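Each chain is listed here by its residues.
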Amino acid sequence: MKIAVILAGVLLLFVLGIYFMTLGVADTSIAQVCGAVQQGFSGTLYENSDGQSAQRKVVFLIRFPRLVLSVFAGAGLAISGVAMQGITRNPMVSPFTIGISAAAAFGASLAIVFGIGILPGTEVGIVLNAFFASMLCALLVYGVSRRTGMRPESVVLTGIAFNYIFSALTSTIEFFAAEHKLASVVEWTFGTFNGATWEETLVVMAFVTACTLVIARFALMLNVASSGEDELVRSLGVNPTTLRVIMGVCSVLMTAAIISFTGVIGFVGLVGPHIGRILIGNDHRYLIPFSGVVGALLMIVADTLGRMLLSPVSIPVGIVVSFIGVPLFIHLILNKKEV
């Protein structure tokens, strides 16, 4: 039954993805979308110069990478949330709780406002700054937590502290930023898939795929770790400290890779695992893939609504996903009577 639910979610994701690629300033038929994808992968996209050539290029070079990036971003953030909630035994934890998003915003702000960091003045430099700032935050959190034995509460509280520190640093930079640079910083923190390219998408796909495979490999251990105290976990042959480090590293790598390209999109990592848990249960063997599907669905729906509601103006997906996810989350909680 659980496998059937997961497969149904994947099928729904596929159908909606195809349909959403038909929507835009100039609507396209499903047949045209499929033809553009086929030509793009076969390398014949530039060979035909008929009346539909431009539309096919729009589909394959703009809409398709944007869709794939949103799918992997949503799935990666939700799976990161599952792993973090499992190792900390705290349903309110997500990768952003330990300051990853705040640190990424700080790194991007340094690059945008002051040109400080790797490859200053370039889009690649902003991405790299955000990524390395996220990794620095993770190292600081785990370094401090390790002094207390990597207890779940230590990780959470230390992460919250660094979250506030990096948020304060970003606010300080914004206070001194010129108006046009301030606008760029604020836009980055909203989170968006505008301008997604295949190069960016492939990088995110590689990080999400690799880290998800590692997290899934420890699904049974996560079941043990999320259901008892550390003493019980050790009695069952699982080292809780090692498990927290592995899951934390995978979650941070995946999250940092995503938000470095997309900007801050925080809600999916928290609500995706909860929706998955309500619909399919707590067994991480099924919860990990299903939460990824839920996160991907939330993301592509939010991104499509953001593109279409005020077209041609695009509302950042980080804003829309909260408007969609919060009512859905509350509805499920009220019906289930538990999280």
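These figures come from a predicted structure and were not determined experimentally. Residue positions are given per chain, counted from 1 along the sequence in the order it is written. Reporting in this predicted model follows two pLDDT cut-offs: at least 70 for local features of residues, and 80 or more for side-chain atom pairs to be given and counted; totals over whole chains, interfaces and linings ignore these cut-offs and use all residues. Think of the side-chain values as coming from all heavy atoms in the structure, minus any hydrogens and water.

### Brief notes about the confidence of the model for the chain
Inference 1: In predicted models, pLDDT denotes the confidence assigned by the predictor to each residue on a 0 to 100 scale. Across the chain, the average pLDDT comes to 86, with 95% of residues at or above 70.
Inference 2: The secondary-structure element of the chain with the lowest mean pLDDT is helix H10 (residues 230-235), recorded at 73, while helix H8 (residues 198-217) shows the highest, at 94. Helical segments are the DSSP runs of H or I of at least four residues, strand segments are the runs of E of at least two, and each set is numbered from the N terminus.

### Observations concerning the packing of aromatic side chains
Inference 1: Any two rings among Phe, Tyr and Trp, with Trp reduced to its six-membered ring, count as a pair given centres within 6.5 Å; such a pair is stacked if its planes are under 30 degrees apart, edge-to-face if over 60, and tilted if neither. One pass over the structure, following the stated rule, counts 10 aromatic pairs.
Inference 2: Between Phe64 and Trp198, the aromatic rings sit 5.1 Å apart at their centres with planes inclined by 85°, giving edge-to-face as the arrangement. Of this pair, Phe64 sits in helix H3 (residues 53-88) while Trp198 sits in helix H8, and the two are 134 residues apart along the sequence. Note on accessibility: Phe64 and Trp198 belong to one class, buried.
Inference 3: An aromatic cluster is present here, built from Phe41, Phe60, Phe64 and Trp198 joined pairwise through their rings. To sort residues, take the accessible area from a 1.4 Å probe on protein chains only and compare it with the maximum for the residue type: under 20% means buried, over 50% means exposed, and anything in between is partly exposed.

### Re a nonpolar patch on the surface
Inference 1: For patch building, the residue pool is restricted to those with more than 30% relative accessible area and no salt bridge; the joining distance is 9 Å between like charges and 5 Å between nonpolar side chains (Val, Leu, Ile, Met, Phe, Trp, Tyr). Here the Shrake-Rupley method, with its probe set to 1.4 Å, supplies the accessible areas, and only the displayed protein chains count as covering residues. Should a side-chain nitrogen of Lys or Arg be within 4 Å of a carboxyl oxygen of Asp or Glu, the pair is scored as a salt bridge. A cluster of nonpolar side chains, contributed by Phe114, Ile116, Phe175 and Phe176, occupies part of the molecular surface with about 510 Å² of accessible area.
Inference 2: One can find Phe114 in helix H4 (residues 100-114).

### Let's talk about helix H7 (residues 179-190)
Inference 1: The terminal C-alpha atoms of H7, which comprises 12 residues, lie 17 Å apart, in line with the 16 Å expected from a rise of 1.5 Å per residue.
Inference 2: One or two positions beyond H7, positive phi appears at Gly191, with a value near 85°. By this rule the span expected of a helix is its residue count minus one, scaled by 1.5 Å.

### Let's talk about the pattern of salt bridges
Inference 1: In total, this model carries two salt bridges according to the counting rule given.
Inference 2: Here Arg66 and Asp303 are joined by a salt bridge, their closest N and O atoms 2.8 Å apart. Remark: Asp303 occurs in helix H13 (residues 284-308) and Arg66 occurs in helix H3; sequence separation between them is 237 residues.
Inference 3: Note that Arg285 is salt-bridged to Asp283, the shortest N-O span being 2.6 Å.
Inference 4: The exposure class assigned to Arg285 is partly exposed, which follows from its relative accessible area of 47%.

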